[in-house]
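# Close look at the chain arrangement
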Amino acid sequence: MSELTRRVLFSLAGAPLTVIIIYAGGAVLTVALSILAGLGAWEFFRMARAGGSNPLDIAGVVLAACVPLLVYAGYLGVYRLPFTVGVFVLLTLLASVIWLRGIGGRPLVAVAVTVAG
Amino acid sequence: MYPALLTYMFPIRYHDYAVGDVAGTVLVMFPIMVTWGTDTGAYVFGRLMGKRKLIPSVSPGKTVAGSVGGLLVAVVMCALYARFILEPLAQLTLTPLGILAFAIAISVADQIGDLFESLIKRDAGVKDSSSLFPGHGGVLDRFDSLLFALPVAYLLLGHLLVRSPG
C-alpha cells in the first residue's frame with residue numbers, strides 16, 4: 001500500500017470518527033482527549049530527549065493525560081482542582097530531580113521540559 | 001501542558017451558547033474547519049505562487065504566498081461555515097467583523113503552531129513526531145495547529161459569538 005493510499009484511507013476513517021467522538025462528548029471525548037494528550041506528551045518528550053534534554057517522561061505523560069480528566073471532573077462538579085494542588089505537583093517535580101537528575105543531569109531543564117510537555 | 005491544550009475542545013463543546021449535542025459539535029468543528037482551510041490554502045497558494053520563503057531556517061517549505069493564501073482561504077471558510085453550518089445547525093453566528101477577526105486570529109495561531117512544531121522537530125532532528133498515524137506522523141504532527149488554535153478559538157468565541165435571530 002502506497003504512502004498516499006494509507007494517508008487517504010486514514011483520513012477517510014479519521015474524519016467521521018473525530019465528529020462522532022466530539023458529538024458523543026462527555027466521558028468519550030474526555031477519554032479520547034486524555035489518550036491524545038498522553039501520546040502527545042510522550043512524543044514531545046521523545047523529541048526533547050533527541051534534542052538533548054532529559055525530562056521526567058512518565059510524570060509528564062501522566063500529568064498531561066490527567067488534564068482532560070480534571071477538566072471533565074470540574075464540569076461534572078465532582079472535583080475542582082485547587083491552585084495549591086498544582087503548586088504541590090510542581091514542588092514534587094522540583095524535589096524529585098534532586099535524586100532523579102542530580103547536579104550533572106540539568107535538573108532545571110528537566111523540570112521545565114516536563115512541565116511544558 | 002502543550003499537548004494537553006487539546007482539552008480546550010471540551011469548554012468549546014459545552015459553550016454556554018451551544019444548546020444540544022449538534023450545536024456543541026458544530027461549534028468545535030468551527031476552528032477545526034478554519035485550520036483545515038488555512039492548511040489547504042497555504043498548500044495550494046504556496047505551490048502556485050510561493051517563491052519567497054517564510055522562515056527557511058525553521059521550515060524550508062513554507063512561503064509568504066502560502067501564508068497569505070492560507071489566511072485568505074481561512075476568511076472564506078470562516079464566512080461559509082458561519083453562514084451555512086453554524087447558523088442553521090447551532091442557531092449561532094458572528095458579525096462580519098467577528099468573522100474576519102476570528103478567521104485571522106485562528107489562521108495566525110494555526111500557522112504559528114505549525115512553525116513551533118517544525119522548530120522543535122528540527123531541534124530534535126526528526127521528520128515526524130512519531131509514526132502513530134499511518135502517513136500522517138504522530139499526534140503532534142496531526143494536531144500542531146489546533147494546539148495553538150483551540151485556546152484562541154475558545155477565548156474569541158466567548159466574545160464574538162451571538163445567537164442568531166429567529
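Since this is a predicted model, take the numbers as computed values, not measurements.

Here we come to the overall build of chain B. If you tally the helices and strands in chain B, you get five helices and four strands. Expected size for 166 residues packed as a compact globule is a radius of gyration near 15 Å; at 16 Å, chain B falls within 12% of this value. Projecting the C-alpha coordinates of chain B onto the three principal axes gives extents of approximately 50 × 35 × 25 Å. Residue burial in chain B is summarised as follows: out of 166 residues, 52% are buried. Considering only residue pairs separated by 6 or more positions, chain B has 72% of its internal contacts joining residues 24 or more positions apart. Counting every atom, chain B has about 7700 Å² of accessible surface; 67% of that belongs to carbon and sulfur. For chain B, the separation between the mean place of its 12 positive charges and that of its 11 negative charges on side chains is 9 Å.

All names here are of chain B. Considering the arrangement of structural elements, one finds Asp-144 in helix H5 (residues 139–160). Notably, Asp-144 is buried but unbridged: the nearest opposite-charge side chain belongs to Lys-121, and the N-O separation is 5.9 Å. A distance of 3.4 Å separates the side chain of Asp-144 from the side chain of Ser-145, its partner in a polar contact. Residues within four places of Asp-144 in sequence aside, it is in contact with Tyr-2, Gly-113, Asp-114 and Glu-117.

Looking now at helix H4 (residues 96–124) of chain B. The end-to-end C-alpha separation of H4 of chain B is 42 Å, in line with the 42 Å expected for 29 residues at 1.5 Å each. Of the residues flanking the end of H4 of chain B, it is Gly-125 of chain B, one or two places downstream, whose phi is positive at about 75°.

Chain A puts 35 residues into the contact, and the matching count from chain B is 34 residues. Buried area between chain A and chain B, summed over both chains or domains, comes out near 3000 Å², and the portion from carbon and sulfur atoms is 74%. Along the contact surface separating chain A from chain B lie zero salt bridges. At the boundary of chain A and chain B, one finds eleven residue pairs in polar contact (both at pLDDT 80 or more). For the side of chain A that touches chain B, the secondary-structure elements that each account for two or more residues are helix H1 (3–24), helix H2 (26–50), helix H3 (57–76) and helix H5 (107–116) of chain A. When residues in the side of chain A that touches chain B are grouped by element, the largest group, 15 residues, is from H2 of chain A.

Reading the values: the criteria
Residues numbered from 1 in each chain as written. Chains lettered and ligands numbered in written order. Predicted model: local features only at pLDDT ≥ 70, side-chain atom pairs only at ≥ 80, totals over all residues. Heavy atoms only, no water. Helix = DSSP H or I, 4+ residues; strand = E, 2+ residues; numbered from the N terminus. Rg over C-alpha atoms; globule rule 2.2 N^0.38 Å. Buried < 20%, exposed > 50% of the residue type's maximum accessible area, 1.4 Å probe, protein only. Contact = heavy atoms within 4.5 Å. Areas by Shrake-Rupley, 256 points an atom, 1.4 Å probe, with all protein chains shown as cover. Lys, Arg positive; Asp, Glu negative; His and termini not counted. Charge placed at Lys NZ, Arg CZ, Asp CG, Glu CD. Salt bridge = Lys/Arg side-chain N within 4 Å of Asp/Glu carboxyl O. Polar contact = N/O pair within 3.5 Å; in protein donor to acceptor, adjacent residues only side chain to side chain. Expected span 1.5 Å × (residues − 1). Buried area = accessible area lost by both parts, 1.4 Å probe.

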